[in-house]
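If you want the building blocks of each chain, they are given just below.
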Amino acid sequence: MDPETKDLDRRVAAKGFASVVLSVIFLVLLSTPLGILPPIGGLANPGGGIWAIAVDAEHPTFQELTFSGLDGTVTVYRDPYGIPHVFAATEHDLFFAQGFVHAQDRMWQMDFMRRVARGELSEILGAKVGTLDVVEVDAFIRAIGLPSLARSSWANTTAADTSYVPLRSYAEGVNAFLRNVGTPGLALEFKLLNYGPRDWNPEDSLAIGLFMAWSLSGSFEDAELAALAQALGMPAVDELFPILGPYQRPVDPRPGTRGGDAGFTPGIREAARDLLRKEDALAALTGLRGPWLGSNNWAVNGSRTDTNRPRLANDPHLSLQMPAIWYENQLVGAGFDVYGVSIPGIPAVILGQTRHHAWGFTNVGADVVDLYSETVSGDDYFFEGAWRPLERRAEVIRVKGGNPVTVTVSSTVHGPIITTEGQAFAMRWTARDAANLLAAVLGMNTAAMWTEFREALRDWGVPAQNVVYADEDRIIAMRSNGLYPIRAGGGDEGRFPMDGASGTHEWVGFVPFDEQPESVNPIEDFVLSANQQPQDDAYPYYVGSSWDPGYRARRINEMLENDTSVTAADLQRMQLDTLDVMAREFVPFIEDAVMYCANPPCTPTVMPDELAALLAWDFRMDADKAAPAIWWRFANHLREEIFGDEWEAAGVADLSLPLPNMMEYLLKEDNASAWFDDVRTPTIRETWRDTVVRAFGFASSDLRSELGPDVATWRWGDVHARVFPHLTQLDALSRGPFPSGGDSLTVNVAPGDLASAGPSWRLLADLHDPTESKGVYPGGQSGNPLSRHYDDLLDLYLAGEYHGFALPATVADMRPAWIESTLILRRT
Amino acid sequence: MEVHRQRHDWRTVLFATFLLAILFVYTGVWQLAFLAGYVGGFLGKRPRRDFGLAFLGAALAWGGHLLWFYLFAPAGALASLFVQILGLSGGLGFVVPILTLLIAGLTGGLGGLVGAYAGQLAYPPSPASSSSE
């Protein structure tokens, strides 16, 4: 080679090297996450990046897929709302297909939920999200034991158990979907968070079920009540947080017990605050827990309906989110013919109807979590006169962008130690005794009559639910069903934290199934529940004290009592009702206080426009009225004015105030109560009227500064809305705010100024003709934000409308007009 | 004995990159657009020209997909949604396809550049076809 050529080669090599370096820098830059952004190169790729989301927005009109795991052929028709109707010949294929369609529409939500339930959020979110400590949230979930309970539950499930095939087949269906779509077909959230899902496992379904159970039954109220009792005195707690509250219409009118005092450990306040902080962090991170989770359900027998057959209504109040908690589907075959809503990630139908019966849930709110103060020294704890070794379990939490964190969960005979702030407390929860609820759900799906349905409920342990039932044979029923622990000490033991060392406060059994509150075809010919107390003073067992204030139950009761021929339209009107019973009870007191003077007749000296608006009001919390805004601001201020001063003086301003029905009780029965006095003004003794007027004044000044001086232009919907945040909290994927009526106490509930909880599923079941049943949930079937089914049901929901159910009994029954797309799954 | 290989003309470089980039899209591995450009450049062996041709070939390949998405899927809504997720106005959605084409072009183009140099080193241009670059 001549020198000139060599020189040319060197120059080419140098330029080539430079271009390689440039290329490597470019490729590495585009393959590396930039802050919160995933690698931009992968996102831009038309073959697997975000563009695939657009391609996958809708299901193909016809799709046929083959899988080796199937027994035969499964037909899935999706109707115009994207609701799948699944027809299969075997139980395996039915649940395989259900897992497949759930994954098609909601895979990311399923993955997120299992990560929440298994304490694995740090792996995709990193150690912190804003100020939230994600690792601590994961550690908390591991400490309360959801993943380990799910693991042991599946390990104890044998092929002979009714839930075995559905759980296993469902997981196979999800995994078949994952194999079928590969990485390119994954949902937008996977791409934004830059990860992919691992295979689905039956434990994942069980973990999600356990998380839902924790959401509805897990409570640290024991610790909070004890902290309040320590700060305010036991008489104050007994007065303001009674086991059975005033003005309640029990679910089942039978009696309870009132118990005695409890001893409190010095560290109870610190422990209560630590536990509540962890709970708040979990709620803030996931949006899946929070206050005011409640529900309504009722059934009316044929003697009081227009069809001569029962009607049933249910609206569980859970978090309003995108994608929605629920997923609508019909399952037909292998003994199933059931329609209703499922939780993505869990097989079968949780709430819904068959051609014979319908059912729905509200939460009981029973006391099924007990805290035991433990005497711990090193690796041992003291129990029944002896030191015993703590059971230790190491949990490794993987952290995105960081090193794994190992947390050690220590357990005593009572359960895991969940806080050591101030005092070590171990937690006993009924989920340890009933971790697999699926058998009960399957029984409810396939029952042929009330007695079979009732038998299925034996397997339903936690969360305790008020289960409403109605069937075409004119049976209506309500059962407050679940495991209610009986403690060795009797009375209301368990209401406060207990000494864990003595061994004298142990659980010695559960309220027998046949003695749980139950009402079948009562003389009123209707049953109802709205999270109010399940029974009255005569009931022999303590089952809890954390009841709804009862205003929704009172309203439903009066609407049902006044309607002797309930139509579908009546049920709908009742479910959408926004009359605030508390307002109706309180406005006369406001009028009295504001109009009060020494020499009647009096005229209002303050806030005449606000008072006039209230006095002209029909107590309906409608979005286009001014009075609801005045009322609701007043109600919140009144609670602060009555109790906030004492709470602040006792150093517990961050703990819960009494429920609104306690204010009603004080105003009506004890208006000279010292609670009306403001302890911050020791030389003045405020009366109830002073307190009411002051609260009214604060409400008025709040609204005048927010909405201007002209009361006539105020609208409740200007300060109150429903929101539907996406699970990632990304605004672009969320929906709302939408101006909304209702409040925390109306049947159509919308708590807070920005309601992110509320009716999560509305069912109006017709037991005369099941095809006339209707339902709706806020959101849509698809988790793909570009799909028309991402939020089409939300439009109906916000308009107060429902959709009818397509209920084909066979493949041939599916009318062409009901078919939007067809999916055939065949055996290879 | 030295092996010389004739340079291919611009059409070969462009089509090779274009066709390979189209095929590679279906693998889901975006970096393979670089390989598409590399092959084109290797055949062309004229770095500056081949950068441009590979840029164009890869951008056209991805652009063809995008055109399909815009015609038959809600790609416009997707672009708008994506910029909203980033906290920008949905009206800036047009930036997303432009950015996508730019990424495709640069990836393919850099591949073309490296490929051309590699081609020159592996198979030096025959004296008859040599020209300054």
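Predicted, not measured: the structure shown is a model, and the values here were computed from it.

Across its full length, chain B holds 5 helices and 0 strands. When the helices and strands of chain B are listed from N to C terminus, the series reads α-α-α-α-α. Across the 133 residues in chain B, those meeting the buried criterion constitute 47%. Sequence-distant contacts, at least 24 apart, represent 82% of the contacts inside chain B between residues at least 6 apart. Surface summary for chain B: the accessible area is close to 6300 Å², and the carbon and sulfur share equals 71%.

Take the overall build of chain A next. Across its full length, chain A carries 24 helices and 34 strands. Taking 2.2 N^0.38 as the reference for a compact globule, 828 residues should give roughly 28 Å; the C-alpha atoms of chain A span a radius of gyration of 29 Å, in line with that estimate. In terms of principal-axis extent, the alpha carbons of chain A reach across some 120 × 70 × 65 Å. Relative to its 828 residues, chain A shows a buried fraction of 62%. Across chain A, contacts joining residues at least 24 apart in sequence account for 72% of those joining residues at least 6 apart. Element-wise, carbon and sulfur atoms account for 53% of the exposed surface of chain A, whose accessible area totals about 28900 Å². For chain A, the distance from the average site of its 65 positive side-chain charges to the average site of its 110 negative ones is 5 Å.

This part covers the environment of A:H637. Residue and element names in this part refer to chain A. Tracing the backbone through its elements, the reader meets H637 in helix α20 (residues 627–649). With 588 residues separating them along the chain, H637 and G49 place their C-alpha atoms 51 Å apart. Not counting residues up to four positions away in its chain, the partners in contact with H637 are A695, F698, A699 and D702.

Ranked by size, the top nonpolar core spans 246 residues in total, and within it A:W214, A:W326, A:W429, A:W631, A:F634 and A:L825 carry the most contacts. In terms of residue count, helix α4 (residues 91–118) of chain A provides more of this core than any other element does, 14 residues in total. Of all hydrophobic cores here, the second largest spans 21 residues; its members include A:V12, A:L27, B:W30 and B:V114.

Here we come to empty space enclosed by the protein. In total, this model carries 9 cavities of 30 Å³ or more according to the counting rule given. Within this model, the largest cavity holds a volume of roughly 370 Å³. In this structure, the largest cavity is lined by 28 residues; those nearest its centre are A:M212, A:I343, A:I350, A:L437 and A:W460. Among the elements of the structure, α10 (202–217), β7 (311–319), β11 (357–363) and α14 (438–446) of chain A are those that each provide at least two residues to the lining of the largest cavity. Tallying contributions element by element places α10(A) first for the lining of the largest cavity, with 7 residues. For the lining of the largest cavity, the class distribution of residues is 21 nonpolar, 7 polar and no charged. The space that makes up the second largest cavity amounts to roughly 60 Å³. Every residue lining the second largest cavity is listed: A:I40, A:L43, A:A44, A:I50, A:W51, B:F82, B:V96, B:L99, B:T100 and B:I103. Secondary-structure elements contributing two or more residues to the lining of the second largest cavity are α2 (40–44) of chain A together with α5 (95–122) of chain B.

Residue and element names in this part refer to chain A. Among the 9 residues of β7, 9 are classified as buried, and the element is accordingly described as predominantly covered. Relative to β7, strand β6 (residues 294–300) is paired through 7 bridges, and the arrangement is antiparallel. Note that in β7 the partner of N296 across the bridge is D315. Two strands pair when backbone bridges link them, and β7 and strand β31 (residues 762–766) are joined in this way by 4 bridges, in the antiparallel orientation. Considered in β31, the bridge of L312 is made with A765.

We now examine the confidence of the model for chain A. When pLDDT is averaged along chain A, the result is 92; 96% of the residues meet or exceed 70. Note that pLDDT drops below 50 for residues 253–262 of chain A; the model gives that stretch 40 contacts with residues more than four away or on any other chain.

Turning next to the sheet that holds strand β14 (residues 380–383) of chain A. All names here are of chain A. A sheet is described by the order of its strands in space; here 3 strands give the open sequence β13-β14-β15, paired in antiparallel fashion. Across the chains shown, the open sheet's two edge strands, defined by having one partner strand only, are β13 (376–377) and β15 (386–389). Across 2 bridges, the pairing between β13 and β14 is antiparallel. Counterpart to V376 in the pairing with β14 is Y381.

With respect to the secondary-structure elements, A:W647 resides in helix α20. Discounting chain neighbours no more than four positions away, the residues touching A:W647 are A:L228, A:L232, A:L240, A:F241, A:V652, A:A653, A:L655, A:S656, A:L657, A:P658 and A:W675.

Right, let's get into the pattern of salt bridges. Residue and element names in this part refer to chain A. Scanning the entire structure with this criterion turns up 61 salt bridges over all chains. Notably, a salt bridge pairs D111 with R115, separated by 3.1 Å at the nearest N-O pair. Of this pair, D111 and R115 both sit in helix α4, 4 residues apart, which is roughly one turn of that helix. We classify R115 as buried; its relative accessible area is 4%. Taken together, the shared-partner salt bridges in this structure form one network comprising D111, R114, R115, R118, E120, E123, R198, E203, D204 and R398.

This part takes up the interface of chain B and chain A. Contacts between the two partners involve 36 residues from chain B and, on the opposite side, 36 residues from chain A. Summed over both partners, the interface of chain B with chain A comes to about 3100 Å²; 83% of that surface belongs to carbon and sulfur atoms. Our count for the contact surface shared by chain B and chain A stands at 0 salt bridges. Remark: the boundary between chain B and chain A carries 3 residue pairs in polar contact (both at pLDDT 80 or more). Breaking the side of chain B that touches chain A down by element, the ones donating at least two residues are α3 (47–72), α4 (75–85) and α5 of chain B.

Parameters and conventions
Residues numbered from 1 in each chain as written. Chains lettered and ligands numbered in written order. Predicted model: local features only at pLDDT ≥ 70, side-chain atom pairs only at ≥ 80, totals over all residues. Heavy atoms only, no water. Helix = DSSP H or I, 4+ residues; strand = E, 2+ residues; numbered from the N terminus. Buried < 20%, exposed > 50% of the residue type's maximum accessible area, 1.4 Å probe, protein only. Contact = heavy atoms within 4.5 Å. Areas by Shrake-Rupley, 256 points an atom, 1.4 Å probe, with all protein chains shown as cover. Rg over C-alpha atoms; globule rule 2.2 N^0.38 Å. Lys, Arg positive; Asp, Glu negative; His and termini not counted. Charge placed at Lys NZ, Arg CZ, Asp CG, Glu CD. Core = buried A, V, L, I, M, F, W, Y, C linked by side-chain atoms within 4.5 Å. 1 Å grid on protein atoms, 1.4 Å probe; cavity = no way out; pocket = protein on both sides within 12 Å on 5 of 7 lines; lining within 4 Å. Points joined across faces, edges and corners; volume = space filled by probe spheres on them. Nonpolar A, V, L, I, M, F, W, Y, C, P; charged D, E, K, R; others polar. Pairing = 2+ DSSP bridges. pLDDT = per-residue confidence, 0-100. Salt bridge = Lys/Arg side-chain N within 4 Å of Asp/Glu carboxyl O. Buried area = accessible area lost by both parts, 1.4 Å probe. Polar contact = N/O pair within 3.5 Å; in protein donor to acceptor, adjacent residues only side chain to side chain.

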